[in-house]
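Each chain, written out:
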Amino acid sequence: MDKIVLLAKQPGITSFTSLYNVKRAFNTTKVGHTGTLDNFAQGLLVVCTGRLTKLAGNIIEFDKSYKAVIRFGSETDTLDYEGEVVKEACLPDEETVRKVVASFVGEQEQKPPVFSAIHVDGKRASELVRKGVEVELPSRKICVYSADILDMEIDSNGDVQACLIDFSVSKGTYIRCLARDIGKACGSAAHLIGLYRTKIGNFEIEDSAGFSLLPSFDIKTCKQFAEQKKLKAMADDKLLQEQIIQTSRDFDEETAKLCGFYVLHLKDNQSEQDFRFGRPLHKSFFTEKVHIQNTQDIFAVFTKDNLFCGLLECKDFEKQYLGYKMVIQTIDTNSSI
């Protein structure tokens, strides 16, 4: 079927996953959205099906409206609560926040986030950053049509901890970057803890499938959701790390042989100590007779208790000399050495 579907994306899932029910409803795989939302975000996705997927490129150009909860005091590398804190600063006062937010209405240059789907040399910027590649993205011209503060969380000192803002912006505007730049302009630092897309062009969230299933969007709810996600992620990480330790295994003789290595065993504790500290090799170290059959031969060396110690390689085929290729210097705590 050739349809335009307004879909309310739930927070905590990807935009791609959100398309599952559209595909099932129309029994089709020909589905495309007109602009993604970050995993933590919720709100309107405009989805095209069938032949209307050809219109996705046009709809993506529409202006958009968002509600955003900005937390002051820290900036993260991803500019949202899922990232690592890279900067901390004092909280701004209410008057400063109101003046700064109002000043952001109008045309401006915005530097996109490096954790984004923007392509650099054919690859997503976020993928390059995660690989340790330094990425520099050029600024782009955007327009903030309106920025209305709906609510503030103010501490006992009169400083703003968080702020709920209603934005109307042009295509290509990153609300995460507005949070970053607003925080900086306030003499503080900031990142997003909640994002809710409410409008794309003439399409509104209230008309979307799943709208009634969306959680409420306010400062308190966003803070709770962000904290729960972080705690869950920490708990999941701890469990995974425990399982990693429990399921980890030593490099053994069977694996060594599968790697194409020949196996040698050190005959005693003194030989093991000499080997681990890279002392001159002697054939007397080993229980087996050492014979190099090929210049490419690699020998895996194990203790008499079958603990992996390192690798030896051919240094002189004619003289049958071996040399160190890799040495595991740490002596196992269970060893008698």
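Fair warning: this is a prediction, and the values are worked out from it, not measured in the lab. (Residues numbered from 1 in each chain as written. Predicted model: local features only at pLDDT ≥ 70, side-chain atom pairs only at ≥ 80, totals over all residues. Heavy atoms only, no water.)

With respect to the packing of aromatic side chains
Aromatic rings considered in pairs are described by the distance between their centres and by the relative angle of their planes. For the structure shown, the criterion picks out 9 aromatic pairs. Aromatic side chains Phe 40 and Tyr 81 sit 5.5 Å apart centroid to centroid with 70° between the ring planes, which places their arrangement in the edge-to-face category. Here Phe 40 is found in the loop between strand E2 (31-33) and strand E3 (42-49), whereas its partner Tyr 81 is found in the loop between strand E5 (74-76) and strand E6 (85-88), with 41 residues between them in sequence. Here Phe 40 falls in the buried class, since its relative accessible area comes to 4%. Using a relative accessible area of 3% as the deciding quantity, one classes Tyr 81 as buried. Here a set of aromatic residues connected by ring pairs shows up, and it is made of Phe 251, Phe 302 and Phe 308. (Phe/Tyr/Trp six-rings, centres within 6.5 Å; stacked < 30°, edge-to-face > 60°. Helix = DSSP H or I, 4+ residues; strand = E, 2+ residues; numbered from the N terminus. Buried < 20%, exposed > 50% of the residue type's maximum accessible area, 1.4 Å probe, protein only.)

Here we look at unusual backbone geometry
With phi around 65°, Asn 306 is a residue other than glycine that occupies positive phi space. Its place among the elements puts Asn 306 in the loop between strand E15 (298-302) and strand E16 (308-316). Positive phi values are uncommon outside glycine, yet Gln 320 reaches one of about 60°. Within the secondary structure, Gln 320 is located in the loop between E16 and strand E17 (321-327). On the basis of relative accessibility, which here comes to 15%, the residue Gln 320 falls in the buried class.

Some words on the pairing of strand E12 (residues 190-200)
Within E12, 10 of the 11 residues are buried, leaving the element largely enclosed by the surrounding structure. Bridging between strand E4 (residues 64-72) and E12 involves 9 bridges; their strand directions are antiparallel. Residue pairing for E12: Ile 70 is matched across the bridge by Leu 192. Linking two consecutive strands that pair antiparallel, namely E12 and strand E13 (residues 203-204), is a turn of 2 residues; a positive phi of about 60° is found at Gly 201 within it. (Pairing = 2+ DSSP bridges.)

Let's talk about the nonpolar core
With 55 residues, the main nonpolar core has Phe 72, Phe 167, Ile 175 and Ile 182 as its most contacted residues. Discounting residues that sit within four places of it in the chain, Phe 167 has contacts with Lys 64, Ser 65, Tyr 66, Ala 68, Val 144, Ser 146, Ala 147, Ile 175, Leu 178 and Ile 182. The next biggest cluster of nonpolar side chains, apart from the first, holds 13 residues, and it includes Leu 266, Phe 275, Ile 292 and Leu 322. (Core = buried A, V, L, I, M, F, W, Y, C linked by side-chain atoms within 4.5 Å. Contact = heavy atoms within 4.5 Å.)

Concerning the pattern of salt bridges
Tallying each qualifying case throughout the model produces 12 salt bridges. The closest approach of N and O atoms between Glu 94 and Arg 98, which form a salt bridge, is 3.0 Å. Of this pair, Glu 94 and Arg 98 both sit in helix H4 (residues 94-103), 4 residues apart, which is roughly one turn of that helix. You can call Arg 98 partly exposed: its relative accessible area is 42%. Between Lys 315 and Glu 313 there is a salt bridge; the shortest N-O distance is 3.0 Å. (Salt bridge = Lys/Arg side-chain N within 4 Å of Asp/Glu carboxyl O.)

Thoughts on helix H6 (residues 175-185)
By the criterion of burial, H6 is predominantly enclosed, with 8 of the 11 residues buried. Immediately beyond the C-terminal end of H6, within one or two residues, lies Gly 187, with a positive phi of roughly 75°.

With respect to the confidence of the model for the protein chain
The pLDDT averaged across the protein chain works out to 86; a share of 86% of its residues lies at or above 70. Residue range residues 331-337 is modelled with pLDDT below 50. Its contacts to residues more than four positions away, or to other chains, number 10 contacts. (pLDDT = per-residue confidence, 0-100.)

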